[in-house]
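Spelled out, the chains give:
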Amino acid sequence: MAHLISIVGPTAAGKTALSLKLAGGYAAPIVSADSVQVYRGLDIGSGKIRPEEMQGVPHYLLDVRDPDTDFSAGEYGRTVDALLEELFAQHPVVLLVGGAGFYFQAVWEGFDEMPAIKPGVREALNAEWKAGGLAPLGEELAAADPATWATIDRNNPMRILRALEVWRSAGRPISYYRGRRPPKLKSYTDLKVGIEVERSILYARIERRVEAMLAAGWLAEVEEVARLHGLDCKGLQSLGYRELVRYRRGELTWEDAVAQIKQNTRRYAKRQMTWFRRDPAIRWFGAEDGAALLDWVAVEMAK
């Protein structure tokens, strides 16, 4: 029987190190479930693993899109479904590792089919956002789709713009289309592992990680991506990148940009935990509990 082992958790929890340990034990490839690491050139700020750190483990779905393109959860799910067919033909175990809840949902449960976006809608929304800011668009979404507005990441412009794309194109809110997917049939078993860290320790890790990324040249990375694809490209609207774009435009001081990156990353980590905690099938381990995690996986796979 083939097994898909999903390793989830908040940013900076230590998922990469534990996934490498697990992959080594089962000669398993790793499929990334990170919505920023899919983009070429967004390396430092996304915490993307470097080739020399991979320990010979094959990694998939890194660097598969240019940062001026979209990679929706539905497209991600279809891509992973096809990839898993290929990987399970060669490996009895595959790891799915990351923190993007919508990506995991697309693989675990299937994906919602969304309506086509009418020509010009995306461009119009981007122009409105650039001219008037995000607040008026947020007000429109709150009125059109209160269910989505209640749960959306209001610091992520791409989420708001995407929801409005659907509303303006179809005349129905994006919440109407969610949850209408048919049951997903699988040829493998799902094992779900969560990595958790005590909040104060996690927040301290986030602080150190942000400082290390900045010291490693994160701003220069933003400059290079902007040179190739523009400051308004989708990839640069991601967490951390968007704050540095605002600094680059003179909208934030350096100190404020760094403080906002840290604060927004802490908030994101909290939302990640809230998202994954809703799934009772996830078995949680501390980042230091590698041996216990390996033992649990072995027992579950033997069932």
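My aim in this report is to walk through the structure given alongside it, one point at a time. Along each chain, residues carry numbers from 1 onward, in the same order as the chain's sequence is written. Local features in this predicted model are restricted to residues of pLDDT 70 or higher, and side-chain atom pairs are both shown and tallied only at a pLDDT of 80 or more, whereas totals for entire chains, interfaces and linings draw on every residue. No hydrogens and no water enter the side-chain calculation; it runs on all heavy atoms of the structure.

In this structure, threonine 151 sits in helix H6 (residues 146-151). The spacing of threonine 151 and arginine 271 is 120 residues in sequence and 9.9 Å in space, taken between C-alpha atoms. Secondary structure elements are taken from DSSP: a helix is a run of H or I of four residues or more, a strand is a run of E of two residues or more, and numbering for both begins at the N terminus.

Either a parallel or an antiparallel arrangement is found when strands of a sheet pair, and the pairing is made through backbone hydrogen bonds. Across the sheet, which stays open at both edges, the six strands sit in the order E3-E2-E4-E1-E5-E6 with parallel pairing between neighbours. Two strands lie at the open edges of the sheet, namely strand E3 (59-60) and strand E6 (283-286), each paired on one side alone. Any pair of residues with heavy atoms lying within 4.5 Å of one another is described as a contacting pair. As a rule, the C-alpha atoms of each element are fitted with a line to give its axis, helices using only the stretch in contact, and angles between N-to-C directions run from 0 to 180 degrees. Across the sheet, helix H2 (residues 73-88) is in contact with strand E1 (2-8), strand E2 (30-33), E3, strand E4 (93-98) and strand E5 (188-196); its angle to E2 comes to roughly 175°. The sheet contacts of helix H12 (residues 254-277) involve E1, E5 and E6, and relative to E6 the element is tilted by about 140°. A pair of strands counts as paired when DSSP detects no fewer than two bridges linking them.

Looking now at the nonpolar core. In plain words, nonpolar cores are sets of buried Ala, Val, Leu, Ile, Met, Phe, Trp, Tyr and Cys residues tied together by side-chain atoms within 4.5 Å. Between buried and exposed lies partly exposed: a residue is buried under 20% and exposed over 50% of the maximum accessible area for its type, with that area taken using a 1.4 Å probe on protein chains only. By size, the foremost hydrophobic cluster in this structure holds 74 residues, and its most contacted members are Ile5, Val31, Tyr76, Leu95, Leu236 and Val297. The element that contributes the greatest number of residues to this core is H2, accounting for six residues. The residues touching isoleucine 5, leaving out its near neighbours within four places in the chain, are Leu22, Val93, Val94, Leu95, Leu96, Leu191, Val193, Val297 and Met301. Core analysis: the next-biggest nonpolar cluster, separate from the first, contains 16 residues, Val121, Leu125, Leu134 and Leu164 among them.

What follows deals with helix H10 (residues 218-229). Here H10 spans 16 Å end to end across twelve residues, near enough to the 16 Å set by a 1.5 Å rise per residue. For H10, the complete set of buried residues consists of Trp218, Glu221, Val222, Val225 and Ala226. Buried residues of H10 fall within an arc of 135° about the axis and therefore sit on the same side. Within H10, the exposed residues directed more than 90 degrees away from the buried face are Ala220 and Arg227. Remark: glycine 230 follows H10 within two positions and exhibits a positive phi of approximately 95°. To estimate how far a helix should extend, the number of its residues minus one is multiplied by 1.5 Å. The directions considered for the arc run from the helix axis to the C-beta atoms.

Another aspect to go through is unusual backbone geometry. The phi dihedral of leucine 61 falls on the positive side, at around 65°, and the residue is not glycine. Along the chain, the position of leucine 61 falls in the loop between E3 and H2. Leucine 61 sits in the buried class, given a relative accessible area of 9%. Phi at aspartate 63 takes a positive value of approximately 60°, unusual for a residue other than glycine. Locating aspartate 63 in the fold gives a position in the loop between E3 and H2.

This part takes up the side chain of threonine 11. Mapped onto the secondary structure, threonine 11 falls in the loop between E1 and helix H1 (15-26). Relative accessible area serves as the criterion here: at 16%, threonine 11 is assigned to the buried category. Of the polar contacts made by the side chain of threonine 11, one reaches the side chain of arginine 209; its length is 2.5 Å. Not counting residues within four places of it along the chain, the set of residues in contact with threonine 11 comprises Leu202, Ile206, Arg209, Thr265, Tyr268, Ala269 and Gln272. Residues adjacent in sequence count toward polar contacts only when both atoms are side-chain atoms; beyond that, a polar contact is any pair of N or O atoms within 3.5 Å, and within protein one must be able to donate a hydrogen and the other to accept it.

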